[in-house]
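Notes for the structure review
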Amino acid sequence: ETGVTQSPTHLIKTRGQQVTLRCSSQSGHNTVSWYQQALGQGPQFIFQYYREEENGRGNFPPRFSGLQFPNYSSELNVNALELDDSALYLCASSLGTFNNEKLFFGSGTQLSVL
Amino acid sequence: GESVGLHLPTLSVQEGDNSIINCAYSNSASDYFIWYKQESGKGPQFIIDIRSNMDKRQGQRVTVLLNKTVKHLSLQIAATQPGDSAVYFCAENPTSGSARQLTFGSGTQLTVLP
């Protein structure tokens, strides 16, 4: 186990709704990254948070947004859900933003949009 | 855009044999490469990493080889065990940007036969 916890584990929403996913980073880790993993694909980088600020973003629309809290936990918010948003959402924590810090992934939240 | 790709989507090996999983990358700016293992229902688990100034790195039962000339990465697993059955992803991190923004391949499903 990595010490990265995500909630909920599964979620079902309908198109147009909004969703909030949560992540608690591994103890001592100050950086959180979010990835989207579609079925049968590798994870895709959404964005990273460091010291409560967004520190890099992948090719995702603005309806994907996030927060990081003083305790380094993080939220991923997705507005106006679309069917293609159905995926496994992974949170990863690391100590620092670059260099060779390893990413430790949680088990993810499986989101289904109907 | 540039992306990481894998040569084979599936690989079956006999228990006890060695496994070799290959990966091609196209971003010449990448300086850091990682192999992850993902079991069903879990997030990716770090296996081994290698920086671009190295061509080989060994871990416990695993070896990563990097050939920058042909932009090729491989993961060798010695004496493959049933617990090694999983999807294996290679990932790269380009030197540009401040975030730990990994680009993942689509994965290889490794099945260990009894």
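Summary of the structure given here.

A closer look at the overall build of chain A
Counting its secondary structure elements, chain A contains 0 helices and 11 strands. Moving toward the C terminus, one meets the helices and strands of chain A in the order β-β-β-β-β-β-β-β-β-β-β. Compactness check: chain A gives a C-alpha radius of gyration of 13 Å against a globular reference of 13 Å for 114 residues, within 12% of the reference. Taken along its principal axes, the extent of the C-alpha atoms in chain A is 40 × 30 × 25 Å. When the 114 residues of chain A are sorted by exposure, 50% land in the buried category. Distance from the positive charge centre (7 side chains) to the negative charge centre (9 side chains) of chain A: 3 Å.

Topic: the packing of aromatic side chains
Within this structure, the stated rule accounts for 11 aromatic pairs over all chains. Taking the centre distance of 5.4 Å and the plane angle of 90° together, the rings of Phe105(A) and Tyr36(B) count as edge-to-face. Separated into two different chains, Phe105(A) in strand S10 (residues 104-105) and Tyr36(B) in strand S4 (residues 30-38) make up a pair that spans both. Both residues of the pair, Phe105(A) and Tyr36(B), count as buried.

Here's the deal with the side chain of Asp31(B)
Residue and element names in this part refer to chain B. Within the element layout of this structure, Asp31 appears in strand S4. Overall, Asp31 belongs to the buried group, its relative accessible area being 15%. Here Arg51 takes part through its side chain, which lies 3.2 Å from a polar atom of the side chain of Asp31.

Let's talk about the sheet that holds strand S1 (residues 5-7) of chain A
Residue and element names in this part refer to chain A. Here we have 4 strands laid out as an open sheet, ordered S1-S3-S8-S7, and antiparallel in their pairing. Edge positions in the open sheet fall to S1 and strand S7 (64-68), since each of these has one partner strand only. Along the sheet, successive strands turn relative to each other by an average axial angle of 20°, direction set aside. Strand direction decides the pairing type here: S1 and strand S3 (residues 19-24), joined by 3 bridges, are antiparallel. Considered in S3, the bridge of Ser7 is made with Arg22.

Points about the pattern of salt bridges
Residue and element names in this part refer to chain A. Per the stated rule, a full pass over the model turns up 8 salt bridges over all chains. Put simply, Arg22 and Glu75 hold a salt bridge, and the shortest N to O gap is 3.5 Å. Residue Arg22 is found in strand S3, and its partner Glu75 is found in strand S8 (residues 74-78); the two are separated by 53 residues along the sequence. Residue class for Glu75 comes out buried when judged on its relative accessible area of 15%.

Focus on the state of the cysteines
All names here are of chain A. Following the criterion strictly, the structure yields 2 disulfides over all chains and no others. The partner cysteine of Cys23 in its disulfide is Cys91, sulfur to sulfur 1.8 Å. On the sign convention where negative means left-handed, the S-S torsion of about -60° between Cys23 and Cys91 marks this disulfide as left-handed. Remark: Cys91 occurs in strand S9 (residues 87-94) and Cys23 occurs in strand S3; sequence separation between them is 68 residues.

Quick look at the environment of Arg61(B)
Residue and element names in this part refer to chain B. Positionally, Arg61 belongs in the loop between strand S6 (56-58) and strand S7 (62-67). Looking at Arg61, the relative accessible area reads 30%, which means it is partly exposed. Here the alpha-carbon distance between Arg61 and Gln38, two residues 23 residues apart in the chain, equals 17 Å. Excluding anything up to four places from it in sequence, Arg61 contacts Gln76, Ile77, Ala78, Ala79, Thr80, Gln81 and Asp84. Among the polar contacts made by the side chain of Arg61, one reaches the side chain of Asp84 at a distance of 2.9 Å.

Thresholds, definitions, all that
Residues numbered from 1 in each chain as written. Chains lettered and ligands numbered in written order. Predicted model: local features only at pLDDT ≥ 70, side-chain atom pairs only at ≥ 80, totals over all residues. Heavy atoms only, no water. Helix = DSSP H or I, 4+ residues; strand = E, 2+ residues; numbered from the N terminus. Rg over C-alpha atoms; globule rule 2.2 N^0.38 Å. Buried < 20%, exposed > 50% of the residue type's maximum accessible area, 1.4 Å probe, protein only. Lys, Arg positive; Asp, Glu negative; His and termini not counted. Charge placed at Lys NZ, Arg CZ, Asp CG, Glu CD. Phe/Tyr/Trp six-rings, centres within 6.5 Å; stacked < 30°, edge-to-face > 60°. Polar contact = N/O pair within 3.5 Å; in protein donor to acceptor, adjacent residues only side chain to side chain. Pairing = 2+ DSSP bridges. Axes fitted to C-alpha atoms, helices over the stretch in contact; angles between N-to-C directions. Salt bridge = Lys/Arg side-chain N within 4 Å of Asp/Glu carboxyl O. Disulfide = S-S within 2.5 Å. Contact = heavy atoms within 4.5 Å.

From the geometry alone we can't say anything about function, so treat these as descriptive.
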